[in-house]
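Spelled out from the first residue to the last, the chains are:
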Amino acid sequence: MPAAFQEEEKQAERRTKIKICGLSRTEDISYVNEACPDYVGFVFAKSRRQVEPSQAAALRRLLRREICPVGVFVDEKPEEILRLLFDGTIEAVQLHGQETEEQIRLIRQESGKKVIKAVRITDGRQLGAWKESSADYLLLDGGCGDGKVFDWSVAEKAKSLGKPFFLAGGLNACNAAEAVRLFEPYALDLSSGVENAGVKDRQKILDFMRAVRLAGKERENCDE
Ligand SMILES: O=C(O)c1ccccc1NCC(=O)[C@H](O)[C@H](O)COP(=O)(O)O
């Protein structure tokens, strides 16, 4: 492979990934198809953003192939999660409830797909308990899609987890750069911060994408 392409690939691997969560309308899909985040989330748990499996399947068919659809669940039966993975409605799983290590292992083994385990942070103590989790990624959150920022003084602890993590909780275009600088997360995940009057907003999605990409470029310049 030519060196220029190799360098481009390396850069793409290094850049902070983005997940836009809680899509429920065809308009939302056209916004993300334009902005092209790495992941989007369909919430199957009880929520104002909840989608039915058939609705998610229809939205997924409209989604650009490069974007990974993640199913967001709270204490759902593993069989139902696996059904949605096997029929292609989702390609990865995010667990927000009291799911056990056994359930996480089962979902990964049966499907071969990635599992993200959400951990609600109230102080740094929750982090240690999940260090050995078999989940592919942790997702550090202040709530459940309610725009709650947790105490960012745990950034150093999060970085020393030795496990890639999604950072979530009250992110928006204004605090994205600071989040990238402090945490150096694998990915940023957000929902409320790209909404207006309770629905996804095209301009806010584009602004967020731009803010994260810019923060990534600044970090690269500092590293050079
Ligand atoms: O978004 C929901 O309504 C939701 C409901 C139940 C469990 C999880 C939920 N969302 C999970 C997410 O991935 C959100 O993007 C994440 O919590 C951040 O949300 P926000 O603070 O609003 O950006």
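Predicted model, so just to flag it, every value in this text is computed and none were measured.

What counts, and at which threshold
Residues numbered from 1 in each chain as written. Predicted model: local features only at pLDDT ≥ 70, side-chain atom pairs only at ≥ 80, totals over all residues. Heavy atoms only, no water. 1 Å grid on protein atoms, 1.4 Å probe; cavity = no way out; pocket = protein on both sides within 12 Å on 5 of 7 lines; lining within 4 Å. Points joined across faces, edges and corners; volume = space filled by probe spheres on them. Nonpolar A, V, L, I, M, F, W, Y, C, P; charged D, E, K, R; others polar. Axes fitted to C-alpha atoms, helices over the stretch in contact; angles between N-to-C directions. Helix = DSSP H or I, 4+ residues; strand = E, 2+ residues; numbered from the N terminus. Parallel < 35°, antiparallel > 145°, perpendicular 65-115°, else oblique. Left-handed = near helix turned anticlockwise from the far one by under 90°. Contact = heavy atoms within 4.5 Å. Buried < 20%, exposed > 50% of the residue type's maximum accessible area, 1.4 Å probe, protein only. Arc of directions from axis to C-beta. Near = heavy atom within 4 Å. Polar contact = N/O pair within 3.5 Å; in protein donor to acceptor, adjacent residues only side chain to side chain. Areas by Shrake-Rupley, 256 points an atom, 1.4 Å probe, with all protein chains shown as cover. Sits in = over half its atoms within 2 Å of the grid points.

1. Quick word on the layout of surface pockets
Using a probe with the size of a water molecule, rolled over the atoms, empty space left in the structure can be pinpointed.
Next, step 1: Each pocket or cavity is described by its volume, and for the largest pocket that value is around 320 Å³.
Next, step 2: Around the largest pocket sit 26 residues that line it, and Arg49, Asp141, Cys144, Gly145 and Asp146 are the ones nearest its centre.
Next, step 3: Taken together, the residues of the lining of the largest pocket sort by class into 9 nonpolar, 11 polar and 6 charged.

2. So, the packing of helix 4 (residues 78–86) against helix 5 (residues 101–111)
Describing two packed helices takes the angle between their axes plus the distance from one axis to the other.
Next, step 1: Between helix 4 and helix 5, whose axes approach to 10 Å, the crossing angle comes to 25°. Here helix 5 runs roughly parallel to helix 4, going by the angle between their axes. Relative to helix 5, the crossing made by helix 4 is right-handed. On helix 5, the residues touching Pro78, Ile81, Leu82, Leu85 and Phe86 of helix 4 are Gln103, Leu106, Ile107, Glu110 and Ser111.

3. A closer look at helix 8 (residues 176–183)
Next, step 1: Taken as a whole, helix 8 has its buried residues at Ala176, Ala179, Val180 and Phe183. Taken down its axis, helix 8 places every buried residue within 95° of arc, on the same side.

4. What about the site of the ligand?
Next, step 1: In the vicinity of the ligand lie 22 residues, with Ser47, Gln94, Asp141, Gly145 and Ser192 positioned nearest.
Next, step 2: Here an oxygen atom of the ligand and a side-chain polar atom of Asp141 are 2.5 Å apart.
Next, step 3: Here an oxygen atom of the ligand sits 2.8 Å away from a polar atom, N or O, in the main chain of Gly145.
Next, step 4: Within the complex, the protein chains bury 97% of what would otherwise be the 520 Å² of accessible surface of the ligand.
Next, step 5: Mapping the ligand onto the cavity grids shows that it belongs to the largest pocket.
Next, step 6: Contributing elements (two or more residues each) for the shell around the ligand: strand 1 (17–21) and strand 8 (187–190).
Next, step 7: By residue class, the composition of the shell around the ligand is 7 nonpolar, 9 polar and 6 charged.

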